[in-house]
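# Working through the structure, step by step
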Amino acid sequence: MSRRLLSPAMIVDAAVAIAARPDAGPLTGRVLGDELGVDRSAVWRHFPDQDALLRAVGDRLLELALAAVPDGLDPERRMMALARAVVATFVDHPQIGAVIASRTTQGPGELATVEFTLRALREAGVPHDQVGRQQRILADTVLSYAGMRAGRALLTDEIRRRDQQAWMGTYATASAQTHPAIADHVHALAAVTDDEVLEGLLAALAIAVRTVAERPAEGDGHATR
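Thresholds applied
Residues numbered from 1 in each chain as written. Predicted model: local features only at pLDDT ≥ 70, side-chain atom pairs only at ≥ 80, totals over all residues. Heavy atoms only, no water. Helix = DSSP H or I, 4+ residues; strand = E, 2+ residues; numbered from the N terminus. 1 Å grid on protein atoms, 1.4 Å probe; cavity = no way out; pocket = protein on both sides within 12 Å on 5 of 7 lines; lining within 4 Å. Points joined across faces, edges and corners; volume = space filled by probe spheres on them.

The next subject is the overall build of the protein chain. Along the protein chain, the regular secondary structure elements total 11 helices and zero strands. Mapped from its N terminus to its C terminus, the protein chain presents α and β elements in the order α-α-α-α-α-α-α-α-α-α-α.

Given below as structure tokens:
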């Protein structure tokens, strides 16, 4: 292979492009080397190990998600838009999203998203001593859901189909004597979509933030005993 100048950003860009492909496999030095037209050893001159590369690519996904948030939104809508963008970006790059959701990337993308959320929470009126807690609740909840969705995206079509059919198979045939609640709600369970789950989750998070923001401070004369 011909020699070419590489940079960490070039390698991360290539990794993001690979991870977005439907048939993407594990992100290895060999795969990246083939994509960039270099020997795989060139990749490891810029990253000390696989974990550092993974965190850098995951951090780029967070940058992409943040860039997708429209301008001009109020604080609550900004946070919800970022949450939707994180989920969509992780699902679009499932090889990375499924494993990075439980990690901290420690990069500029993560720093920017945390700063973005903290500022939105403060603008929303969340008390200073609750801002950090609410940020962690929002981030960990959204990342958990994004990682689950990314993991599902890695499954084959056949496995996903079988899992979905379980609602009208295993669940629909469960005994109403032993599982009466399932028997009563099985059709509704089967009808729920991923988008409905996400929007319900975000609505609950938004309500939680509003509740904290609107809670009277102790000693302000409005709190009830």
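Empty space within the largest pocket amounts to approximately 490 Å³. Contributions of two or more residues to the lining of the largest pocket are made by α5 (75–92), α7 (108–123) and α8 (128–153). Broken down by element, the lining of the largest pocket gets its largest block of residues, eight residues, from α8. The computed volume of the second largest pocket comes to approximately 300 Å³. Lining the second largest pocket, in full, are Arg-152, Leu-155, Arg-160, Asp-163, Gln-164, Trp-167, Leu-189, Val-192, Thr-193, Asp-194 and Val-197. Those elements giving two or more residues to the lining of the second largest pocket turn out to be α9 (157–165) and α11 (194–214). The leading source of residues in the lining of the second largest pocket is α9, at three residues.

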